[in-house]
Amino acid sequence: MIGNIITASVFASMIRLATPYLFAALGETLGQRSGVLNLGLDGMMLMGAFFAFYAVFITGSLILGLIAAIIVGGLMGLAMAFISVTLKAEQGISGIGIFLFGLGMSELLFQQWIGTPTTVSGIPDVYIPILSDIPVIGHIFFNHNILVYVAFALVPIMTLVLNKTNFGLMVRAVGQNPEAADAMGVSVTKVRYTTLIIGGILAGLAGASLSIAQINVFQQNLTAGQGFIAVALVYFGGWKPRGVMLGALLFSFVNALQLQISVVGVNIPSEFSAMAPYIITLLALVFASKSREKPDALTKPFERG
Amino acid sequence: MAETVLTNKRRIELLEMRGIVKRFPGVLACDQIDFTVKSGEVHTLLGENGAGKSTLMKMLYGLYQPDEGEIRINGKVASIRSPQEAIQSGIGMIHQHFMFVPSLTVAENVALGLKTSFGSMLDLKEISKGLSALSDRYNLKIDPDIPIWQLAVGEQQRVEILRAIYKGADLLILDEPTAVLTPQEVDDLFRILNQMRQDGHALIFISHKLHEVLAISNRITVLRDGAQVGMIDVEEATKQNLAEMMVGRPVVLQYDIPPLERGSVRLELNQVSARSNRGNLGLNDVSLSVYGGEIVGVAGVSGNGQQELAQVIAGLRPIEAGTITVNGQNISGKSPEKMNSLGVSYIPEERMVDGVIKEFTVAENLILQDHWREPFANNGLMLNFNVIQDACRQAIKDYEIKTPSTETPIKSLSGGNIQKLVLARELARNPQVLIAAQPTRGVDIGASEYIHQRILAERETGTAILLISEDLDEIRALSDRIIVMFEGRIVGIVERKDVNIQALGAMMAGVH
Ligand SMILES: Nc1ncnc2c1ncn2[C@@H]1O[C@H](COP(=O)(O)OP(=O)(O)O)[C@@H](O)[C@H]1O
Ligand SMILES: [Mg+2]
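Residues numbered from 1 in each chain as written. Chains lettered and ligands numbered in written order. Predicted model: local features only at pLDDT ≥ 70, side-chain atom pairs only at ≥ 80, totals over all residues. Heavy atoms only, no water.

Draft legend 1. How the structure looks around the site of ligand 1. All names here are of chain B. Ligand 1 sits among Phe24, Val27, Ala29, Glu48, Asn49, Gly50, Ala51, Gly52, Lys53, Ser54, Thr55 and Tyr64. Between ligand 1 and Tyr64 there is a distance of 3.2 Å, counted from a nitrogen atom to a side-chain nitrogen or oxygen. Coverage of ligand 1 by the protein amounts to 66% of the 550 Å² it exposes when considered alone. It is helix H1 (residues 53-60) that contributes the most residues to the shell around ligand 1, 3 residues altogether. (Near = heavy atom within 4 Å. Polar contact = N/O pair within 3.5 Å; in protein donor to acceptor, adjacent residues only side chain to side chain. Areas by Shrake-Rupley, 256 points an atom, 1.4 Å probe, with all protein chains shown as cover. Helix = DSSP H or I, 4+ residues; strand = E, 2+ residues; numbered from the N terminus.)

Below you can see the structure in the form of structure tokens.
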């Protein structure tokens, strides 16, 4: 029975489903470590998902799809930076504004430019000689599209950037004590713009990983709140890339299990998986207060003097 | 000459600020200030709180831009638009509040801002090497790998200084560096500053403690209410003339204290122990009597149980053992409210946290404890605004509190004025026992003098007063008896006539 449910396929889907969460939550981690809470993540993902889909739909080029997602995501990040860093607006509210904009705009453009639900042929899975052929392991780990590998590669890269580079030091300092960073000659504005633009780009890629790699369609509210779960995953992961990855895996494991259960036809209420986001969020809040990495200046706009 | 790690740029030989004006909404913070400092000298900026010292220096460090006037370095006009540009020009600043990221290590905090290009890798090893070279030179022990929050305040300050030197500061601004230090640490700081002066650094020292200013300065510029009162060489300076320049009127530095007329025992502690926030016995088996009409000073290096002592008496901290009585009535374990009604008044150490509610107005803060009582409230329900306003205006007048109105939020008042308000509130109740914890810390001379006079007047009326202070001068000036605390115990009791400063210092350091 259990063997029917927990199969290699479940683990393979876990990895695949974790991808958009990883992109979005790693970008969010960077932004939050610099002291900016971006609640607009879901809206950014939707915009990235739509433009990637549209570019592929029109041109058939997957590369152009990815570039579109990167540009649109970056622009959304820039907008968030302008509102929350330059205009010093309340971050929670500006994030919600960005979300609503992304939600509405992506739907509007979809209705105007495409109209009817269609599919595109998305990014194919990569066949890795030998590795992909290993029984079970190959199926779980080495049978995915390129974005999956990129997302997981970003985990150590992000850790390295945060802990071993001057930029990472500036990010951490700006998130913990922007006055001190400023007094030491670090431009709080530049650092926060940079983290938010990178975060936007990653959110755009998160969207693309849905619309042109995972499900290859676009529809209204395609993300269905995944961006918000990604925000919770940052708290859950204690603002550390590895913690965020563990959270994303745990969460998508639950998702994958739920899919499998419905396939196998076991009688477990679907409310079970519907509850998962809330449970994760609650866990996140419990863990969050314990993390040493929590940025003290999170949500606080910086003003000199 | 100290070699700087960063560049071979020309050293700052002479820095001039000319005709500097800075306005904030409703405040002229600096009015046509001229200030110069040379390599190899300590030029002190002296002035009461709010005189404009920090503002002037923040303009030098690029945090604010002057509205008028110019800054010249070695004769050439310099525009300093950000801290980054200040650092590049060879200017460093130790701020009133340290500029650290507490969770980062010493080396990381030093690395911060050193390279602002986004691409480069951190090289903490090199920084640690540079730091140890500097700490050898100045004979300071610093572990570069320890997180800042684990360091004591004095050590943090040393890291600030080393960091500034490491970043190539020829000119170092120290904004009230001694405010957070013990007397021993002040001596250490002055040793470092003397060495820096010999090395040819230009130093700007900010303080309002006169004996320190006289001990370290070459020249002294006095500011008052944003204006420059004068500049004198240290040879011409005395405590008296400096105080007068600061306050703008003659100031009493030595009080005439009438002979002690001891009443009955008002406050008695019998073998009291209490835990500190860290969980150890912060107060260990303390017995003490304070008589009416007497001021008992509590001396000691900060963190040796003074705070716990004040808090147990005020009912803010539970006691583990022993009894506390006020006028013979056992009050151990009573609430702060109950203490109030028994006639215990408390001037807390952290006045912004325990003394007032920052967001409340002057009037609201004044009735904080008595708000439910007649005449401020009718039947404990409705606040009686006219009565409150009258009482408030009276207090503002009596205590010379400088505030635009009774409805001003308390947080926009200066420290001295807030303290006067706390005092007004606490003394209005005609207390039997007054606990004054650091009553003049961060308070300017004029206000300190006023607060001292009020405490002495309270002594005259027969109140039993416990004065807790890290300022030995204050303790000596006011106390009839001095007790010294060390590691939670009372290690010495000295009568006013027997006070010997060396002996006190030794007891404070735990040598007895
Ligand atoms: N950022 C600011 N905005 C408005 N007013 C300020 C600001 N900084 C300082 N002030 C005012 O300028 C005056 C001088 O303050 P400051 O330079 O901090 O004095 P000091 O350092 O001598 O105690 C005070 O009246 C203070 O309230
Ligand atoms: Mg100041």
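Having seen the structure, we can now continue with the description.
Draft legend 2. Just the interface of chain A and chain B, in detail. Facing the 25 residues of chain A at the interface are 28 residues of chain B. Here chain A packs against chain B, burying approximately 2,300 Å² in sum over the two surfaces, 66% of which is carbon and sulfur. When the area that chain A buries against chain B is broken down by residue, the three leading residues are A:Asn166, A:Leu169 and A:Met184, summing to 29%. The interface formed by chain A and chain B holds 1 salt bridge in total. For A:Arg172, the salt bridge is made with B:Glu108, and the minimal N-O distance between the two is 3.3 Å. In this structure, the connection of chain A to chain B is made through 6 residue pairs in polar contact (both at pLDDT 80 or more). Counting only elements with at least two residues in the side of chain A that touches chain B, the list comes to helix H7 (146-164), helix H8 (166-176), helix H9 (178-183) and helix H10 (188-214) of chain A. Looking at which element gives the most residues to the side of chain A that touches chain B, the answer is H8(A), with 7 residues. (Contact = heavy atoms within 4.5 Å. Buried area = accessible area lost by both parts, 1.4 Å probe. Salt bridge = Lys/Arg side-chain N within 4 Å of Asp/Glu carboxyl O.)

Draft legend 3. Representation of the coordination of the magnesium ion (ligand 2) in the model. All names here are of chain B. At the metal site, the magnesium ion (ligand 2) is ligated by Ser54 (OG) and Gln96 (OE1), and these contacts range over 2.0 to 2.6 Å. Residue Ser54 is located in helix H1, and its partner Gln96 is located in the loop between strand E6 (91-94) and helix H3 (106-111); the two are separated by 42 residues in the primary sequence. We classify Ser54 as buried; its relative accessible area is 17%. Residue Gln96 is classed as partly exposed on the basis of its relative accessible area of 35%. (Donors = N, O, S within 2.8 Å, 3.2 Å for Na, K, Ca; no water. Buried < 20%, exposed > 50% of the residue type's maximum accessible area, 1.4 Å probe, protein only.)

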